[in-house]
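Spelled out from the first residue to the last, the chains are:
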There are 4 protein chains.
Amino acid sequence: MPKSRIEAFSDGVLAIIITIMVLELKVPHGEDLSALAPLLPVFFSYVLSFIYIGIYWNNHHHLMHAVKRVTGGVLWANLHLLFWLSLLPFVTGWMGENHFAQLPTALYGFVLLMAAIAYWILVVTIINEEGADSLLAKAIGKDLKGKLSPIAYATAIGLSFVNHWFAAAIYILVALVWLVPDRRIEKVLTSKD
Amino acid sequence: MPKSRIEAFSDGVLAIIITIMVLELKVPHGEDLSALAPLLPVFFSYVLSFIYIGIYWNNHHHLMHAVKRVTGGVLWANLHLLFWLSLLPFVTGWMGENHFAQLPTALYGFVLLMAAIAYWILVVTIINEEGADSLLAKAIGKDLKGKLSPIAYATAIGLSFVNHWFAAAIYILVALVWLVPDRRIEKVLTSKD
Amino acid sequence: MPKSRIEAFSDGVLAIIITIMVLELKVPHGEDLSALAPLLPVFFSYVLSFIYIGIYWNNHHHLMHAVKRVTGGVLWANLHLLFWLSLLPFVTGWMGENHFAQLPTALYGFVLLMAAIAYWILVVTIINEEGADSLLAKAIGKDLKGKLSPIAYATAIGLSFVNHWFAAAIYILVALVWLVPDRRIEKVLTSKD
Amino acid sequence: MPKSRIEAFSDGVLAIIITIMVLELKVPHGEDLSALAPLLPVFFSYVLSFIYIGIYWNNHHHLMHAVKRVTGGVLWANLHLLFWLSLLPFVTGWMGENHFAQLPTALYGFVLLMAAIAYWILVVTIINEEGADSLLAKAIGKDLKGKLSPIAYATAIGLSFVNHWFAAAIYILVALVWLVPDRRIEKVLTSKD
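The paragraphs below set out a description of the structure included in this document.

Definitions and cut-offs
Residues numbered from 1 in each chain as written. Chains lettered and ligands numbered in written order. Predicted model: local features only at pLDDT ≥ 70, side-chain atom pairs only at ≥ 80, totals over all residues. Heavy atoms only, no water. Contact = heavy atoms within 4.5 Å. Buried area = accessible area lost by both parts, 1.4 Å probe. Salt bridge = Lys/Arg side-chain N within 4 Å of Asp/Glu carboxyl O. Polar contact = N/O pair within 3.5 Å; in protein donor to acceptor, adjacent residues only side chain to side chain. Helix = DSSP H or I, 4+ residues; strand = E, 2+ residues; numbered from the N terminus. Nonpolar A, V, L, I, M, F, W, Y, C, P; charged D, E, K, R; others polar. Core = buried A, V, L, I, M, F, W, Y, C linked by side-chain atoms within 4.5 Å. Buried < 20%, exposed > 50% of the residue type's maximum accessible area, 1.4 Å probe, protein only. Least-squares fit on C-alpha atoms with pLDDT ≥ 70 in both. Axes fitted to C-alpha atoms, helices over the stretch in contact; angles between N-to-C directions. Parallel < 35°, antiparallel > 145°, perpendicular 65-115°, else oblique. Left-handed = near helix turned anticlockwise from the far one by under 90°. Phe/Tyr/Trp six-rings, centres within 6.5 Å; stacked < 30°, edge-to-face > 60°.

Quick look at the interface of chain C and chain B now. Interfaces are frequently sized by the accessible area removed from exposure as the parts join. Each side of the interface is counted separately: chain C has 38 residues, and chain B has 29 residues. Around 3100 Å² of area is buried between chain C and chain B when both sides are counted, 75% of it from carbon and sulfur atoms. When residues of chain C are sorted by the area they lose upon contact with chain B, Val27, Trp57 and His61 of chain C head the list and together hold 21% of the total. Viewed at the interface, chain B and chain C are joined by 1 salt bridge. Joining chain C to chain B, the criterion identifies 5 residue pairs in polar contact (both at pLDDT 80 or more). Counting only elements with at least two residues in the side of chain C that touches chain B, the list comes to α1 (4-20), α2 (33-36) and α3 (40-65) of chain C. A total of 14 residues in the side of chain C that touches chain B trace back to one element, the largest contributor, which is α3 of chain C. In terms of residue class, the side of chain C that touches chain B is built from 22 nonpolar, 10 polar and 6 charged.

Another point: the pattern of salt bridges. Taken as a whole and judged by the stated rule, the model has 8 salt bridges over all chains. We note a salt bridge from Lys26 of chain C to Glu24 of chain C, for which the minimum N-O separation is 3.8 Å.

By size, the foremost hydrophobic cluster in this structure holds 292 residues, and its most contacted members are Tyr52 of chain A, Tyr52 of chain B, Tyr52 of chain C together with Tyr52 of chain D. Tallying contributions element by element places helix α6 (residues 102-130) of chain C first for this core, with 15 residues. Not counting residues within four places of it along the chain, the set of residues in contact with Tyr52 of chain D comprises Leu88, Tyr108, Leu112, Tyr153, Tyr171, Val174 and Ala175 of chain D.

Taken residue by residue, the interface counts 29 residues in chain A and 38 residues in chain B. When chain A packs against chain B, the two sides together hide about 3100 Å² of surface, and 75% of this comes from carbon and sulfur. At the surface where chain A touches chain B, the tally comes to 1 salt bridge. In this assembly, chain A and chain B are joined by 4 residue pairs in polar contact (both at pLDDT 80 or more). When residues of the side of chain A that touches chain B are assigned to their parent elements, the largest contribution, 9 residues, is made by helix α1 (residues 4-20) of chain A. Along the lines of polarity and charge, the residues of the side of chain A that touches chain B split into 21 nonpolar, 5 polar and 3 charged.

Superposing chain A onto chain B takes a rotation of 90 degrees plus a shift of 0.0 Å along the axis, which leaves an RMSD of 0.0 Å. The operation mapping one copy onto its partner corresponds to a four-fold rotation axis. Identified as the residue of chain A closest to the rotation axis by C-alpha distance is Gly12 of chain A, at 4.3 Å. Interface residue correspondence from chain A to chain B reaches only 3%, placing this contact among heterologous pairings that use different surfaces.

This brings us to the packing of α1 of chain A against helix α1 (residues 4-20) of chain D. At a minimum axis separation of 9 Å, α1 of chain A and α1 of chain D run at an interaxial angle of 40 degrees. It follows from the interaxial angle that α1 of chain A and α1 of chain D lie oblique. Once α1 of chain A is placed against α1 of chain D, the crossing between them reads as right-handed. In this structure, α1 of chain A contributes Glu7, Ser10, Asp11, Leu14, Ala15, Ile16, Ile18 and Thr19 of chain A to the contact, and α1 of chain D contributes Arg5, Ala8, Phe9, Gly12, Val13, Ile16, Ile17 and Ile20 of chain D. Grouping the amino acids of the contact of α1 of chain A with α1 of chain D by side-chain chemistry returns 10 nonpolar, 3 polar and 3 charged.

For the pair chain C and chain B, the superposition axis carries a translation of 0.0 Å, the fit reaches an RMSD of 0.0 Å, and the rotation angle comes to 90 degrees. By residue overlap, the copies meet through two different surfaces: only 3% of the interface positions of chain C are interface positions in chain B.

What follows covers the packing of aromatic side chains. Applying the stated criterion across every chain, the model contains 48 aromatic pairs over all chains. Between Tyr46 of chain C and Phe50 of chain C, the aromatic rings sit 5.9 Å apart at their centres with planes inclined by 70 degrees, giving edge-to-face as the arrangement. Pair noted here: Tyr46 of chain C and Phe50 of chain C are both in helix α3, with a separation of 4 residues, about one helical turn. The same class applies to Tyr46 of chain C as to Phe50 of chain C, namely buried. The rings of Phe43, Tyr46 and Phe50 of chain A together with Phe83, Trp84 and Phe110 of chain D are connected pair by pair, giving a single aromatic cluster.

See the structure below:
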């Protein structure tokens, strides 16, 4: 079974998610700076989520590159990941419109946490299919970033009820850490060529 | 005529359907739990429809894999299926916002029923093109799940006027039965390789 | 220059157009039949436009199949066609919500007319690139349907100011005529194989 | 690493951007010309942005054609370009609904400027990967249009506070200059075949 369709479908969903998020930036009625000002937090949360979807697309791109066989399990693990990412526009809009208030900021972290867990389930599902000594298994091996991110999100959820700016800071920090492209899989693949 | 474009177009439409459904989850104005609570039934109907679109994409993926020639008949049978699925965001939103009331729940079942019939027409159209002894014809042969689903939806439509929770329960049950990936086509294809 | 990207982009745009049209079917607030009734004309105009986009996708599919070289002229002629089709959701919503009133019905016909002209420009651009004795030139040769459709739309625009139901009837009639898949190109291509 | 997915994802995002812009053309409630008239500036700004996205898609198509290796740097430079283009529907709607008022017109130019800079960063990133004597480096060499566009946008931003119609005129002029397809890359590629 070819993997082109699972890539095309995932690309489609991620492209739509990244683009409909901008619809939360509602065109204001006034024509001056005071009309634009209330949109700033929505804009900022849009930038943050754009980067997160970009990171997921980037890593998904690398991950699928290592896949050889697409099974039913992989298809559903992939849909499960897309489900949590599809909720990102909603929590992005809610967090932005409420100026990073406690509950919206915590819920944003919850969706990030569930997406991170879904990504991890997808990786494990693929490794189970490909075998423990596959390229992917080796590449993921000491995946510090992947293991620390869920812990960071969980911490942020807790901290959002203490001071929600701590939570926002953690989301930005994790995004910055991931912006460094995931060269692990790339390295192992290249060394085998 | 290559089948890549019919797959790409279907992937695109399904990716958009699955993603715009989340737009019915309107960002609430408040920032606390009481603002989120009314969205719960909408969220639940979103999850249900997400799974249904996932099932259709999954089965469509398997079905197209067995297709060798794309004719005008197949193109239109496919568009007919996409038409009914494109109504899913509407009935999902209506059912969710009205807390699974009688008529919305019945209409949801009606769209599921028509989509199931459209899928069956697509399968028959493909088998007519490929021949009765094609791989697909053999794989579909004793398609119990495919034959029982429309009956289940029709029952649910009727029951929704007695107790609409019965109908909702049937929709969930059928989705769970289908979540088990359709290994019939996969099996026959593998045994031929 | 490969034609896969122009196909992928067109598929994407057409898939989005066909799907966002359903967003004009706004989820009503009531939960009974009286809430659904006002949506009937919107639903009917949605079905009509869905079929038209399906026809364009189908014919585009056949047309691109005959293309060998994608030049800048073909790219822009294609974008010009997509532009007019992208206005279909707007006029569909306007016509539906105003119960097929005069001006909306005339404007709907205008967009169909411009799309038909844009399709004709695309065909001519491709034939200019491929040469007058290309397969496409032969297949299009006596394209009666393609030549009569713009005349039908122009007539409908005029008639919509006399009786707008005449115009609606013409739109339905032309759609039905086109629903018969365009076997001309298919035939010539097959005869050459 | 294959470049098909970066093309597919970019096509998806650009297809969605070009199509959701039409959602700013809100279906009016009246059914006569007076209901349509206020939409004219929104329609005009839609046409302008449609052409700009078409130009970017066209040039992106040519640019990716020259790429041989997709690295993490190229992926992120591409996402950065898509980010600025994703803001075009917002500024298009804001400029159109406010009849090309000063600040909206200036912000429209700012997004165009940032997209032009992002495109330039993408070109430089690709040339760095491909080498200074690659086909692309030669083709871009004396890229007058690419160098003058950002200057034109910056001038337009300044002029929009003097007379916003000057700014609008510059946006239209630059679009017209770019409508002439970019034959530079095409030429060099063809001469090598």
